[in-house]
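Okay, here's what each chain looks like letter by letter:
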Amino acid sequence: MPPVFAHGRLRLYLLKLLDEAPRHGYEVIRLLEERFQGLYAPSAGTVYPRLSKLEAEGLVTHATEGGRKVYSITDAGRAELADRSGELADLELEIRDSVTELAAEIRSDVRGAAGDLRREMRAAASASATQVGEDDSWQAAKEELRKARQEWKEQARRAKDESRRAREEAQAARRQAKEAQDRAREEVQRIAGQLQEQFAKSGGVLGSLAGAWLGGTQGPGADRPSDQPSDRAPGWAADLPATGDPARDLDRLLDRFRDQVRDAARDHGVTAARVAEARDHLAAAAARLSGTFGSRP
């Protein structure tokens, strides 16, 4: 039987199931069996250790209801699920391919069993060909052969239906993935347009925030050595814990900086005369950060 989940993929699919709704472990096992149309069901020894590991990583939490643990996804789990949305779409396609392959194997096994039965019945018919008439055992054998043929046809029909459904669901998944990508691209473009419009109307508030974030720069020529700690905002973004992924931590800091600048511009208002000052501060910020990442491992 081909592997149903490649390494690390079951972890991702468990996050998807818990993102749909809080569930206890038995319900997760039953849902996986339903998604595979009864052709595959993971054991409790496969599912529960992975749920415990997700909880240890802070991606899942649990509450006890009726003596059973009910697992729920955390914000960190949703963030990982969003970061791996493309991988999740591929996994949905892989699951449908796995269902198709499992159905094909069942169809092949049934076909082989029916062929063996037919050969056995032909041998029995040849051995009894010299008898006059057909006794009760021969009639029973014929009835068994008829039932086997009928069962084989039914199995073949179900396998064909499952393959057709799997193809249709795979096509639907591809369409959904493309629509999600299109929506995400449109949202990014919309936000970029809003930011561009706000920066066009912004002024000194943006510059002062950029200077505070960088530790008090006063313009393009006021760079301070990048290895000295900032004394202007020691607690800035302290509520953002490290994730263990430096690239992701940097993205979160940049998001916080952007939101803070945008909120300040909205709350305090800006003047067109001070946008040049803000641009100087941002240029200095970009130069200092470029030097930081260019000179250190």
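Refer to the structure printed above.
What you see is a predicted model; the values in this text were computed from it and never measured.

Asker: Whenever I open this one, unusual backbone geometry confuses me. Can you help?
Answerer: What you tend to see is this: most non-glycine residues have negative phi, and most peptide bonds are trans. Of note, the phi angle at Ala237 is positive, near 60°, even though the residue is not glycine. With a relative accessible area of 11%, Ala237 lands in the buried category.

Asker: Would you mind showing me how to read the side chain of Thr74 here?
Answerer: With respect to the secondary-structure elements, Thr74 resides in the loop between β3 (68-73) and α4 (75-83). Overall, the relative accessible area of 18% leaves Thr74 in the buried class. Other than its neighbours up to four places away in sequence, Thr74 contacts Gly58, Leu59, Val60 and Thr61.

Asker: Would you mind showing me how to read the packing of helix α1 (residues 9-20) against helix α3 (residues 44-56) here?
Answerer: Helix packing for two helices is described by the angle between their axes and how far apart those axes are. Following both chains from N to C, one finds α1 and α3 inclined at 75°, their axes separated by 10 Å at the closest point. Here α1 lies roughly perpendicular to α3, going by the angle between them. On α3, the residues that touch Leu10, Arg11, Leu14, Leu15 and Leu18 of α1 are Thr46, Val47, Arg50, Leu51, Lys53 and Leu54. Its residues assigned to classes, the contact of α1 with α3 comprises 7 nonpolar, 1 polar and 3 charged.

Asker: What's the story with helix α8 (residues 246-268) in this structure? I'm lost.
Answerer: For an α-helix, the turn length of 3.6 residues means that residues three or four places apart are oriented alike. In this model, α8 (23 residues) spans 33 Å end to end at C-alpha, consistent with the 33 Å of a helix rising 1.5 Å per residue. Among the residues making up α8, those that are buried are Asp249, Phe257, Val261, Ala264 and Ala265. Looking one or two places after α8, you find Gly269, whose phi comes out positive at around 80°.

Asker: Explain the pairing of β3 to me, please; I cannot follow it from the model alone.
Answerer: Successive side chains on a regular strand alternate, one facing one side of the sheet and the next facing the other. Here strand β1 (residues 23-24) runs beside β3; their pairing, made up of 2 bridges, is antiparallel. Each bridged residue has a counterpart across the sheet, and for Arg23 the counterpart in β3 is Tyr71.

Asker: Would you take a moment to explain the sheet that holds β3 for this structure?
Answerer: Two strands in a sheet stick together by hydrogen bonds in their backbones, pointing the same way (parallel) or opposite ways (antiparallel). Taken in spatial order, the 3 strands line up as β1-β3-β2 in an open sheet, and their pairing is antiparallel. In this open sheet, the two strands that pair with only one neighbour each are β1 and β2 (60-65). As defined by bridge partners, β2 adjoins β3 across 6 bridges and the pair is classed as antiparallel. When the sheet's bridge partners are listed, Ala63 is paired in β3 with Val70.

Asker: Explain the environment of Glu168 to me, please; I cannot follow it from the model alone.
Answerer: Positionally, Glu168 belongs in helix α6 (residues 136-201). Residue class for Glu168 comes out partly exposed when judged on its relative accessible area of 42%.

Asker: Would you mind going over the packing of α1 against helix α2 (residues 25-35) with me for this structure?
Answerer: Look at α1 against α2: their axes get within 11 Å of each other, and the N-to-C directions meet at 105°. Relative to α2, the element α1 lies roughly perpendicular. Contact with α1, carried on its side by Leu10, Tyr13, Leu14, Lys16, Leu17, Leu18 and Glu20, involves Val28, Leu32 and Arg35 of α2 and no other residues of that element. When grouped by side-chain class, the residues that make up the contact of α1 with α2 number 7 nonpolar, no polar and 3 charged.

Asker: Could you clarify how one ought to interpret a nonpolar patch on the surface in this entry?
Answerer: Together, Leu250, Leu254 and Phe293 line one region of the surface with nonpolar side chains, adding up to about 270 Å² of accessible area. Topologically, Leu254 is positioned in helix α8.

Asker: What exactly am I supposed to notice about α3 here?
Answerer: Taking 1.5 Å of rise per residue, 13 residues should cover 18 Å, and α3 covers 18 Å from first to last C-alpha, within 8% of that figure. All of the buried residues along α3 are Val47, Leu51 and Leu54. End-on, the buried residues of α3 take up no more than an arc of 65°, which puts them together on one face. Of the exposed residues in α3, those oriented more than 90 degrees away from the buried face are Gly45 and Ala56. Those residues of α3 that are buried are in contact with α1, α2, β2 and β3. One or two residues past the end of α3 sits Gly58, with phi positive at roughly 80°.

The rules behind these values
- Residues numbered from 1 in each chain as written.
- Predicted model: local features only at pLDDT ≥ 70, side-chain atom pairs only at ≥ 80, totals over all residues.
- Heavy atoms only, no water.
- Buried < 20%, exposed > 50% of the residue type's maximum accessible area, 1.4 Å probe, protein only.
- Helix = DSSP H or I, 4+ residues; strand = E, 2+ residues; numbered from the N terminus.
- Contact = heavy atoms within 4.5 Å.
- Axes fitted to C-alpha atoms, helices over the stretch in contact; angles between N-to-C directions.
- Parallel < 35°, antiparallel > 145°, perpendicular 65-115°, else oblique.
- Nonpolar A, V, L, I, M, F, W, Y, C, P; charged D, E, K, R; others polar.
- Expected span 1.5 Å × (residues − 1).
- Pairing = 2+ DSSP bridges.
- Patch = residues over 30% accessible without salt bridge, like charges linked within 9 Å, V, L, I, M, F, W, Y side chains within 5 Å.
- Areas by Shrake-Rupley, 256 points an atom, 1.4 Å probe, with all protein chains shown as cover.
- Salt bridge = Lys/Arg side-chain N within 4 Å of Asp/Glu carboxyl O.
- Arc of directions from axis to C-beta.

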